[in-house]
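Okay, here's what each chain looks like letter by letter:
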Amino acid sequence: MPIFTGMTKLLGETEKETLKQQFFYGLVQKNVLVTGANGQLGNELRVLTARMNLPFQFFFTDSDTLDVTDREQLSAFVRDYRILYIINCAAYTAVDRAETDFEAAYAVNEKAVENIALVTRQEGIKVIHISTDFVFDGQSKIPYTEETEPNPLSVYGQSKLKGEKALQAAGGEWIILRTSWLYSEYGNNFVKTMIRLMRERDRLTIVDDQRGAPTYAADLAEMIVHILQYTEETEWKTGIYHFSNRGETSWFGFAEEIKRTAGIDRCELVPVTTREYGASAPRPKYSVMNLSKICAAFHVEIPDWKEALKRCVDLLM
Ligand SMILES: NC(=O)c1ccc[n+]([C@@H]2O[C@H](COP(=O)([O-])OP(=O)(O)OC[C@H]3O[C@@H](n4cnc5c(N)ncnc54)[C@H](OP(=O)(O)O)[C@@H]3O)[C@@H](O)[C@H]2O)c1
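In this report, the structure presented in the accompanying data block is examined. Values in this document were obtained by computation on a predicted structure and should not be read as measured data. (Residues numbered from 1 in each chain as written. Predicted model: local features only at pLDDT ≥ 70, side-chain atom pairs only at ≥ 80, totals over all residues.)

**Details of the overall build of the protein chain**
Right, so step 1: The number of helices and strands found in the protein chain is 12 helices and 12 strands.
Right, so step 2: Counting only C-alpha atoms and orienting by the principal axes, one finds that the protein chain spans roughly 65 × 40 × 40 Å.
Right, so step 3: Relative to its full complement of 317 residues, the protein chain shows a buried share of 44%.
Right, so step 4: In the protein chain, the share of contacts with a sequence separation of at least 24, taken over all contacts with a separation of at least 6, comes to 85%. (Helix = DSSP H or I, 4+ residues; strand = E, 2+ residues; numbered from the N terminus. Buried ≥ 20, exposed ≤ 12 C-beta atoms within 10 Å, placed from the backbone. Contact = placed C-beta atoms within 7 Å.)

Written as structure tokens, this is what we have:
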């Protein structure tokens, strides 16, 4: 059983000593570092791995315990704990704030990924990194494949694309999973915000001219763990892969489905255009991604977005 599953704080001196002894005697294998583990995806990974009997030991860290922008700290951590895999969930995800706070966005979304790329290549560590549909410009009318040339509109999208490039340039063993419209039981997200606002307000205006695919972070967490297991048994498959729940909708359609699934019978939902809504950061009008590559490479079937939403709403209610 993973010893430290569920822990977010850095280990105390006694725990460190015990671990080092276990390493010395070869009792502990296949250590996986999860960065940014207090976010939506990190929390889903924590819950999932705690209920599975996996041949991996997970180290969950966040900005207060392992700052990924600090290369020295990262190097020391992966050496001390003999890390074999990194799952990078750390990111600057405040899309609108990034437009003015771009130094902070680039520090986490580009520089830190460069750190991870260099450290993982030096130490022979495999890395699963998470990126975004916001690397695309939204001009397409059909789902984006991994071959489509990215053209991000926002600082957030640009910084995430730079992170992807840094990982590719380092030339180690990496997998980039681009995902979209992430929500979960944890953290701040559209589903939780909608349920709260629908209960508080009589009327909400929701953008109806941006289309994408909602993704339940629990399903993405399952995909990541599956990749770890699958590639352990077969071979590592460096590359970019798209992962979201199946299907597509607009933010307005998503909100309507949240309302229906949560059984909320109050609050009028009013569709508006992106221009009328007036967010600071530009967003792609269409960011649905083609899922064929990941399904074929790892032999998975991906759940439909409405079914996934129901699972999350059931937990939230
Ligand atoms: N959310 C979405 O809709 C969405 C859509 C597409 C793709 N993605 C991508 O999916 C991944 C996971 O997203 P998420 O929604 O789970 O993100 P999240 O909830 O915002 O979590 C990100 C985590 O990263 C941590 N972090 C920030 N700076 C750090 C640093 N310097 N060192 C270590 N940790 C740091 C944050 O900690 P603090 O809170 O302490 O800063 C936070 O716990 C990200 O790569 C994101 O870009 C997200």
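**Comments concerning the nonpolar core**
Right, so step 1: With 86 residues, the main nonpolar core has Val-34, Ile-87, Ile-116 and Ile-224 as its most contacted residues.
Right, so step 2: Ile-87 has contacts with Val-32, Val-34, Leu-45, Ile-128 and Ile-224, leaving out every residue within four places of it along the chain. (Core = buried A, V, L, I, M, F, W, Y, C linked by C-beta atoms within 7 Å.)

**What to know about the pairing of strand E4 (residues 126-132)**
Right, so step 1: Most of E4 is tucked away, with 7 of its 7 residues classed as buried.
Right, so step 2: Neither face of E4 is exposed, since Lys-126, Ile-128, Ile-130 and Thr-132 on one face and Val-127, His-129 and Ser-131 on the opposite face are all buried.
Right, so step 3: By the bridge criterion, 4 bridges tie strand E3 (residues 83-88) to E4 in an arrangement that is parallel. Within the sheet, the bridge partner assigned to Tyr-85 lies in E4 and is Lys-126.
Right, so step 4: Each parallel crossover has a hand, and for E4 linked through helix H6 (residues 155-170) to strand E5 (residues 173-179) it is right-handed. (Pairing = 2+ DSSP bridges. Right-handed = clockwise from strand over helix to strand, strands pointing away.)

**Observations regarding the site of the ligand**
Right, so step 1: Neighbouring residues of the ligand: 25 residues in total, closest Gly-36, Gly-39, Gln-40, Ala-90 and Ala-91.
Right, so step 2: Listed by contribution, the elements that provide at least two residues to the shell around the ligand are helix H2 (40-50), helix H5 (102-123) and E4. (Near = placed C-beta within 6 Å.)

**Describing helix H12 (residues 305-316)**
Right, so step 1: Over its 12 residues, H12 extends 16 Å from the first C-alpha to the last, a length consistent with the 16 Å expected when each residue adds 1.5 Å.
Right, so step 2: Its buried side turned inward, H12 meets strand E6 (182-183), helix H7 (190-200), strand E9 (215-216), helix H8 (217-233), strand E11 (249-250) and helix H9 (251-262). (Expected span 1.5 Å × (residues − 1).)

**Observations regarding the sheet that holds strand E10 (residues 239-242)**
Right, so step 1: Spatial ordering of the open sheet is given by E2-E1-E3-E4-E5-E10, a layout of 6 strands whose pairing is parallel. Of all the strands in the sheet, the pair left with one neighbour each is strand E2 (57-60) and E10. For this sheet, the mean angle separating the axes of adjacent strands, direction not counted, is 20°.
Right, so step 2: Strand direction decides the pairing type here: E5 and E10, joined by 4 bridges, are parallel. Its bridge partner lying in E10, Arg-178 is registered against His-242.
Right, so step 3: Against the sheet, H2 engages strand E1 (31-35), E2, E3 and E4, with an angle of about 150° to E2.
Right, so step 4: Contacting E4 and E5, H6 crosses the sheet at an angle of about 155° to E4. (Axes fitted to C-alpha atoms, helices over the stretch in contact; angles between N-to-C directions.)

**What about helix H3 (residues 71-80)?**
Right, so step 1: Where H3 is concerned, the buried positions are Leu-74, Phe-77 and Val-78. Seen from one end, H3 has its buried residues packed into an arc of 90°, which puts them on one side. Exposed residues pointing more than 90 degrees away from the buried face of H3 are listed as Glu-72 and Arg-79.
Right, so step 2: Those residues of H3 that are buried are in contact with E1, E3 and H5.
Right, so step 3: Note on H3: the residue one or two positions beyond its end, Arg-82, has a positive phi of about 45°. (Arc of directions from axis to C-beta.)

**Quick word on unusual backbone geometry**
Right, so step 1: Of note, Trp-181 is a non-glycine position whose phi angle comes to about 45°, a positive value.
Right, so step 2: With respect to the helices, strands and loops of the structure, Trp-181 is situated in the loop between E5 and E6.
Right, so step 3: Even without glycine at this site, His-299 takes up a positive phi of about 50°.
Right, so step 4: Structurally, His-299 is set in the loop between helix H11 (292-298) and H12.

**Brief notes about the environment of Glu-276**
Right, so step 1: Counting through the fold element by element, Glu-276 comes out in helix H10 (residues 274-277).
Right, so step 2: On the basis of neighbour count, Glu-276 is assigned to the exposed category, with 12 C-beta atoms found within 10 Å.
Right, so step 3: Linking Glu-276 and Leu-316, residues 40 residues apart in sequence, is a C-alpha distance of 30 Å.

**What about the packing of H5 against H6?**
Right, so step 1: Contact geometry of H5 with H6 gives a least axis separation of 8 Å together with a crossing angle of 15°. By the angle between their directions, the pair H5 and H6 is classed as roughly parallel. In this structure, H5 meets H6 at a crossing whose hand is right-handed. Residues Phe-102, Ala-105, Tyr-106, Asn-109, Glu-110, Val-113, Glu-114, Ala-117, Leu-118 and Arg-121 of H5 form the contact with H6, whose own contacting residues are Val-155, Tyr-156, Ser-159, Lys-160, Lys-162, Gly-163, Ala-166, Leu-167 and Ala-170.
Right, so step 2: Residues of the contact of H5 with H6, tallied by class, amount to 11 nonpolar, 3 polar and 5 charged. (Parallel < 35°, antiparallel > 145°, perpendicular 65-115°, else oblique. Left-handed = near helix turned anticlockwise from the far one by under 90°. Nonpolar A, V, L, I, M, F, W, Y, C, P; charged D, E, K, R; others polar.)

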